Structure formats: structure tokens, C-alpha cells
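Descriptive analysis of the structure
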Amino acid sequence: MDDIKRTPDYLFESSWEVCNKVGGIYTVLSTKAHTLQEIFQDRVIFIGPDLWGEKKNADFIEDTSLFPDWQIHAKEINHLQIKVGRWDVPGKPPVVLVDFKPFACDRDELFFHMWNNYQVDSMHAYGDYDESCIFAYAVGKVIESFYHFYELKTKEVVALFNEWMLGMGALYIKNRIPEIATIFTTHATSIGRSIAGNDKALYAYLDHYNGDQMARELNMEAKHSLEKQTAQYVDCFTTVSDITARECTQLLDKTPDIVTPNGFERNFVPVGRNYTTKRKEARQALINVAEKLLGCEISPNALLVSTSGRYEYRNKGIDVFIEAMNRIRTSGQIQSEVIAFITVPAWVREARGDLKEVVDKDIAVEGCLQFPFITHWLHQMERDKVLNYIQHAGFTNNCHEKLKIIFVPCYLDGQDGIFNKPYYDLLIGMDATVYPSYYEPWGYTPLESVAFGIPTITTNLAGFGMWAKKNVTGTDIDEGVVVIERTDFNYFEVAETIARQVIALAHKTTTERDAIKRRCLTLAGEAEWSRFIAYYEQAFTIAREAKNQRI
């Protein structure tokens, strides 16, 4: 028993978002990497998709001296098209990027094998299912090649697979190399997200939903089947929050073996004078773009409020955010200016040429630009839910309005054409953030916010919100985090509570806001990876014990 508790010799962790920044799982892995690298010392190996070909991947540093003999073997003997190097995040762990497209010809055989051995039903697959499964298969091939080349049979090896997209990788390894302990983490069940995204009441009726039945109704059979069967067959099944664990038990017929909450790394946050400088630069950039778009001067002390995340209009609470901002605008209770930013990537066509010109050339604008609600033009703008609701609610963005709202629909990677700053370099300039999620298994955005010392508003339907409630009451912005009780049916009450808390913050003095910032940083310290990695160490132990029992 003492031996089983020590750290395994090797850990492979794979995800579609390794060196591929598309969502919250990227943040999970890229921040966790530093702590894992400290523990494993180059014996943790991340595996992601090579989607760039000959183009440069900004997150990847190629290193031909890393596992050099295996690199040659994998390419020449196993015919794997791989790039080996380091992930350019704190810790710089080893990473393998694999080109999975050559394995597309194996799809039918793979799907037959998965049905025959694990009852994974791929008959109704569509969309990104094939591509994801072929990538997972390629990940399995990479692990298999590395394992055999370095003769790791006498070593303790664990392989961790994230989300349904990597399910077939987990099952491939379980079948081909049973000596490897497998872990499967679902960050959000595919069917739960679909139920919520289709405007069905997820929580009021959760105990009565049947996952298989709902998968058929919502045309989610293939993804649901893969996720459910992977959860059943791996050595350790995990999820990221208590709220998602309940969802897994009901919809996947499998209670997670352990909950592994998501942490954050302090080294992503500037400190001291650097923090002050970064915050000043962020506020200048945000206010400058707002002034150029709106054609009026904005106070440098304006209250800057934002929401962000994936463009899941209802699930992420984007609709509630707009409603809350409209209530603030019409309340008559604010004296200072408030600028509300919606930084949510949409179907961007291009940066606005008129806005880009006046920003780049620092041209003083008299009067607002055409359509002063958005920084980048979209495809099919007339169908965009955010813009439609902004106009329906009656926002004008006229200079006399105390609250103005701006939609930033691009991915903030530092190359958007208007701000040209990464997300964190703009987040640090905010005075408050709001994430009124309806469906949020964890919720990295509010955790990132408090880590940067910025008070946030979230809900009890977010995993982070549930965790925060263990440390604060969640009822007052003075604590740094407000956790609103959200149900399937209290949309307007949530919007009213958000408005009330933001108005309260607007009336705080500088001294009071500094105290709130300190409380944010204290709470964020409780959620660092140095604390939360213990849950993963327990998962490693659970997986290895299960592996030992079956072999």
C-alpha cells in the first residue's frame, strides 16, 4: 500500500487543447503544467494535435534533443508524424504534437473495434466526432510507441485523457497496454451541456432525465455513447466539480471516483510595480478604444465591467449580463461612468477598418462611429444574439448615457487588430467581472478574475461558485466574490442582483476597493495548484490500484 501511494514514474496527459488555445481546458492544463513538471521532472508528457503544419505554433518550442532516439524511432519505424518539444508555459513541460490525419483511413476499423470491445456506438456520428476520435487514436499510438521503446513495463505509468474527444485514446490504451493505468476526466458531460443549450430545464428535472433517451432526442448519441462507455471502462473516472459529479451519476450512470477541482497558478499574475503598470496599460487601452468607438471622452476613473467565455448565449449567462447592464443603465443610481465589455469570440469577419484607423493613428473622433456597439465586424451580424438583444434592450451608447456596452467578438490573442493585447493583459484593467452562468461545470473565468485581484459575480450553478461558497458567504461584493443562487426559472432575479452588486461597487471608495482586491487575492490563494494537485495524486492512486486488481 505504501508503494502505491507514491507518484507514478510517468504521466501522459492528452487533450485537444494542448498547445491549442480554444477553451477553458487549455487554462486547466497550461496552469497545471508547472506543478506537474515540478513533480515529474520531464516525466510528464503532454500530447496534443498538430494543427499548424509548417506554420509556427506560438505555444510550442520544438526541441530535437528531447527523447531524440525515440523521435527517430517513432517517425521511421512507427510512421508517426510528430513534433517533440516543450509547451511554452510556466514549467515548460515536454509535449508531443501529433498529425492525426494520416490515420483517417483506419476510422472504420477503429469504430468497429470500439463497438465490439466497449459498445461505443458511432453509427450516428457527425460534426467533429470523426476528427476527434482519429486524434484520440493517434494519441494512443504515440503513448504505445513511447512505452515500448523505453521498455516501461517495469515502471508505474498513468495516462490521463480529457473530455469525450479523447475517449477512444483511453480505450485503445486499456486494450493494447493494460499495464498502463487510465484516467478519464469529463469537464462537462456532452449531454448535460446539450440539454442546457437547448433551453431545457436541466436542474429542476435532473433526477428524472435518462441520458440515453436524451441523447436520442437531441441527436447526441455518438458523443454520449463514447463518453459514457469511457467513464465505465477506465481505471479512474473524474470530473471537476460536485455539480458535474451529480450530472455524471444521473446522465452517464457512473459516479466519478473522485472530484479533481481546477486550480490556478500565481505565476500567471503580475506582482508589485509590474501589476500596477499592466493595470494602467490595460485601462488605457480599453478606454481609448471605447472613446474612439463612441466618439466621446471617458473618465479615466470609469468603472470597467466585463464578461467573457465561450459564445454559449444562455449557458454562460450572456443574456443575463446584458439584462443586468440594462437595469444599471436605466436605474438612475449611478453617478460615475460604467463601460461594460462582452469579450466573447463570435464568427468574426475582420477588425473594423474605421475603428482600426482611428485607434492606430490616434485620431480624435467627433461623434460615434457607425453602429457603436462592436469592435469587429461579424458574418451574419443580423442574426447575432448579442447584438440583437443589445438593440432590443434600447442601448444607445450616446455620450449622455452613464452606462455604455461594447461587444468585443474576437479571440484576444494579442493579434486581434484593435486591442492587440492577450486576454489577461486586458482582464487586469477591469474593476469587476460578471459570469452569471446557467451551465458551468467549473468556471475558470471567475477564478482568473479573483486571481488578478478583481471582484467577480458568479452563480451556484458554476463549480467555482460552489467551491467559493465554502470560503465566503457569497452575498456581498465586499468579499470579492458574489455567488448568486440561480435556478431554471429566476432569470430576472439574477439580473436584478447583479445590477445591485455592481451599483454597490460603483459607490465604493478607493480604500474600500483596495480591501476587496486583497480579499480576492487571499481567496485565489486557496485555489492554487499547489493545493489542488493533491486531488490528482489521489486519482493516480485510485487508477493504479484498479489497474493492479485487473492485471
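For the structure, check the block above.
The following refers to the structure shown. (Residues numbered from 1 in each chain as written. Predicted model: local features only at pLDDT ≥ 70, side-chain atom pairs only at ≥ 80, totals over all residues. Heavy atoms only, no water.)

**As for the layout of surface pockets**
- Within this model, the largest pocket holds a volume of roughly 1200 Å³.
- Going through the elements one at a time, helix 1 (24-40), helix 4 (129-149), helix 6 (190-197), helix 14 (423-427) and helix 15 (444-451) are the ones with two or more residues in the lining of the largest pocket.
- Of the residues forming the lining of the largest pocket, the biggest block, four residues, is contributed by helix 1.
- Its residues assigned to classes, the lining of the largest pocket comprises 22 nonpolar, 14 polar and eleven charged.
- There is about 810 Å³ of room inside the second largest pocket.
- Lining the second largest pocket we find 29 residues, and of these Lys-21, Tyr-26, Asp-59, Asp-413 and Pro-422 sit closest to its centre.
- Those elements that provide at least two residues to the lining of the second largest pocket are helix 1 and helix 14.
- Counting residues per element, the lining of the second largest pocket draws most heavily on helix 1, which supplies four residues.
- In the lining of the second largest pocket, the residues fall into 15 nonpolar, seven polar and seven charged. (1 Å grid on protein atoms, 1.4 Å probe; cavity = no way out; pocket = protein on both sides within 12 Å on 5 of 7 lines; lining within 4 Å. Points joined across faces, edges and corners; volume = space filled by probe spheres on them. Helix = DSSP H or I, 4+ residues; strand = E, 2+ residues; numbered from the N terminus. Nonpolar A, V, L, I, M, F, W, Y, C, P; charged D, E, K, R; others polar.)

**Digging into the nonpolar core**
- Among the nonpolar cores identified, the biggest contains 127 residues, and Met-325, Ile-342 and Ile-498 are the most heavily contacted of them.
- Listed in part, the 55 residues of the second largest apolar core include Tyr-10, Phe-12, Ile-82 and Phe-146. (Core = buried A, V, L, I, M, F, W, Y, C linked by side-chain atoms within 4.5 Å. Buried < 20%, exposed > 50% of the residue type's maximum accessible area, 1.4 Å probe, protein only.)

**Let's talk about empty space enclosed by the protein**
- Applying the stated criterion across every chain, the model contains two cavities of 30 Å³ or more.
- Considering only enclosed or pocket space, the largest cavity measures out at about 60 Å³ in volume.
- Forming the boundary of the largest cavity are Leu-286, Ser-306, Phe-341, Thr-343, Val-408, Leu-412, Phe-419, Tyr-423, Leu-426, Leu-427 and Met-430.
- Secondary structure elements with two or more residues in the lining of the largest cavity: strand 11 (338-343) and helix 14.
- The element that contributes the greatest number of residues to the lining of the largest cavity is helix 14, accounting for three residues.
- Of the residues in the lining of the largest cavity, the class split is nine nonpolar, two polar and no charged.
- Its boundaries defined by the atoms lining it, the second largest cavity holds a volume of some 30 Å³.
- The wall of the second largest cavity is formed by His-124, Ala-125, Tyr-126, Tyr-129, Asn-219, Met-220, Glu-221, Ala-222 and Lys-223.
- By residue number, the principal contributor to the lining of the second largest cavity is helix 8 (residues 221-233), which donates three residues.
- Residue composition of the lining of the second largest cavity, grouped by class: five nonpolar, two polar and two charged.

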